[in-house]
Amino acid sequence: MPGLSESLPSRIQHQRNKVAAKLHHEGVLTTTISTFNNRISGLQGDIRGLQQREERIQSTLDQKRAELAQIQNRLQVARDRLARLRARLNLAMKQLAARLVDEYESDQPDLVTVILESHGFDDLLTKADFMQRISRQDQQVVGVVKVLKAQTTKQANELAVLEQRAQDAANAILAQRNAIAASKGKLVSSRNALQRARDGRQVVLTRVRTSRVHAQEDLHALMAQQSRIQSELQNSAPGAFSGPVKQGSGRLIWPVNGPITSPFCERRPWEACHPGIDIGVPSGTPIHAADSGRVSIAGWVGGYGNYTCIQHTATLSTCYGHQERILVHVGQGVSQGQVIGLSDCTGLCFGPHLHFEVRINGSVVNPLNYL
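Residues numbered from 1 in each chain as written. Predicted model: local features only at pLDDT ≥ 70, side-chain atom pairs only at ≥ 80, totals over all residues. Heavy atoms only, no water.

Considering the overall build of the protein chain
- When you go through the protein chain residue by residue, the secondary structure sums to five helices and ten strands.
- Put simply, the protein chain has 371 residues, and 35% of those count as buried.
- When contacts within the protein chain are restricted to residue pairs at least 6 apart in sequence, long-range pairs at least 24 apart make up 67% of them.
- Of the accessible surface of the protein chain, which amounts to about 20,200 Å², a share of 52% is contributed by carbon and sulfur atoms. (Helix = DSSP H or I, 4+ residues; strand = E, 2+ residues; numbered from the N terminus. Buried < 20%, exposed > 50% of the residue type's maximum accessible area, 1.4 Å probe, protein only. Contact = heavy atoms within 4.5 Å. Areas by Shrake-Rupley, 256 points an atom, 1.4 Å probe, with all protein chains shown as cover.)

A few points about the side chain of Asn306
- Within the secondary structure, Asn306 is located in strand E5 (residues 306-311).
- Sequence-distant contacts of Asn306, that is, excluding residues within four places in its chain, are made with Gly299, Trp300, Tyr320, Gly321, His322, Gln323, Glu324, Arg325, Ile326 and Thr346.

A closer look at the state of the cysteines
- Tallying each qualifying case throughout the model produces three disulfides.
- Residue pairing for Cys265: its cysteine sulfur links by disulfide to Cys273, the two sulfurs lying 1.9 Å apart. A torsion of -130° about the S-S bond marks the disulfide between Cys265 and Cys273 as left-handed.
- Cys273 sits in the partly exposed class, given a relative accessible area of 30%. (Disulfide = S-S within 2.5 Å.)

Regarding unusual backbone geometry
- Positioned with a positive phi, His322 is a non-glycine residue whose angle comes to about 65°.
- Among the secondary structure elements, His322 is positioned in strand E6 (residues 316-326).
- Judged by its relative accessible area of 5%, His322 falls in the buried class.
- If you check the backbone angles, Asn361 has positive phi at about 55° while not being a glycine.
- Topologically, Asn361 is positioned in the loop between strand E9 (354-360) and strand E10 (363-365).

Digging into the packing of aromatic side chains
- Tallying each qualifying case throughout the model produces two aromatic pairs.
- Look at Tyr304 and Tyr307: their rings are 4.2 Å apart centre to centre, the planes differ by 25°, and that puts the pair in the stacked class.
- Here Tyr320 and Phe356 contribute two aromatic rings whose centre-to-centre distance is 5.4 Å and whose plane-to-plane angle is 45°, an arrangement assigned as tilted. Placement of the pair is Tyr320 in strand E6 and Phe356 in strand E9, with a sequence separation of 36 residues. Take Tyr320 and Phe356: they sit in the same class, and that class is buried. (Phe/Tyr/Trp six-rings, centres within 6.5 Å; stacked < 30°, edge-to-face > 60°.)

Examining the nonpolar core
- The biggest cluster of nonpolar side chains holds 20 residues, and the ones touching the most others in it are Leu252, Ile279, Ile310, Tyr320, Val334, Ile340 and Phe356.
- When residues of this core are traced back to their parent elements, those giving at least two are strand E2 (277-279), E6 and E9.
- The element contributing the most residues to this core is E9, with three residues.
- Of all hydrophobic cores here, the second largest spans eleven residues; its members include Ile57, Ile173, Ile180 and Leu194. (Core = buried A, V, L, I, M, F, W, Y, C linked by side-chain atoms within 4.5 Å.)

Notes on the pairing of strand E8 (residues 339-343)
- Counting buried residues in E8 gives four out of five residues, a clear majority hidden from the surface.
- Where strand E3 (residues 286-288) and E8 come together, three bridges link them in antiparallel fashion. Note on E8: the bridge partner recorded for Pro286 is Leu342.
- When E6 meets E8, the two strands line up antiparallel, connected through three bridges. Bridge pairing in E8 links Gln323 to Ser343. (Pairing = 2+ DSSP bridges.)

With respect to the pairing of E9
- Judged by how many residues are buried, E9 sits mostly within the fold: six of seven residues are covered.
- By the bridge criterion, three bridges tie E2 to E9 in an arrangement that is antiparallel. Its bridge partner lying in E9, Ile279 is registered against Leu354.
- Looking at chain direction, E6 and E9 are connected through six bridges and run antiparallel. The residue of E9 that forms the bridge with Ser317 is Arg359.
- Once E9 ends, the chain turns through two residues before running back antiparallel as E10, passing Asn361 with a positive phi of about 55°.

What to know about the environment of Arg207
- Tracing the chain through its elements places Arg207 in helix H5 (residues 136-236).
- Judged by its relative accessible area of 53%, Arg207 is exposed.
- Sequence-wise, Arg207 and Glu26 are 181 residues apart; in three dimensions their C-alpha atoms are separated by 9.7 Å.

Section: the confidence of the model for the protein chain
- The predicted model of the protein chain has a mean per-residue pLDDT of 76, with 73% of residues at 70 or higher.
- A low-confidence stretch, residues 1-6 (pLDDT under 50), is modelled with seven contacts involving residues beyond four sequence positions or located in other chains. (pLDDT = per-residue confidence, 0-100.)

Some thoughts on the pattern of salt bridges
- Counting across every chain of the model gives two salt bridges.
- The partner of Glu357 in a salt bridge is Arg359, with the nearest N and O atoms 3.0 Å apart.
- On the basis of relative accessible area, Glu357 is assigned to the buried category, the value being 0%. (Salt bridge = Lys/Arg side-chain N within 4 Å of Asp/Glu carboxyl O.)

What follows is the structure, given as structure tokens:
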């Protein structure tokens, strides 16, 4: 039994360190998951923005499609008109060619000279001599040919412009659709990758939390075991914890007799610095005032459970936590060694003990410097 009792504090400390490490790991994972959540939310906002932009572009695309349909209709009309003009021009050209043949065969040689010296058909149509020689009917044919040629050229140019506009509209539609699709695809891919990473860490976090809960259960079991051992020791040696308190080398006396189970400023999963010392004693052990003074606090205080503080001087005070029962009240004067309460495990604790603090001007200091 003594050997087991001596090994328990180290086993408890090891288990506390294990719980603290798992809590730290949980904190890191939680922070990482929170970062992923923020990035995913940001990407989701970007995706919504792209969707809104896509809706606006879709409206533009609808307009472009309507414009393209109009252009295509105009193109068809222009093509039909150009075909008709070319047919009429072809007919007029044939009529004019026939007239030229007749003039050539019936007229004087100087008309032949005019024809032979002309540089192409357009040049021939502008020759004054030629125009003077042909009949009024022939001039009308020539006029029709010239008008048809001009209209054909104009229609061909208009057709080219319309075709270019149609091509530009089609290219604009394709470019905008491709740009939106590419951007949205990248954002969705990034979001999915982040979600997979977050989900993976969530699985790890769940495992770590489960492991931490098991470690804390083991810690509670060890603390309970320690409490049972202390009770057995108390039963085997009556008065061992409730006998005369120890007088140390300092001003204060020990409030209870027992081993220190947690030192001053020990780091714990729920606090960076343990603000006092824990002295292992069974439930119901009498707690003695470390010095004379006046009770300033006597009641339930959060994780301390039942908590008493005694003001000894203008600057020095002592406090006692996790009591089963408080036997004094605020304002009461007490003497050194007077029983002020009974120990237990109220508030945040894992087994019966006394939490003992020394405070200077309200700030905790190491009690061992005063005991």
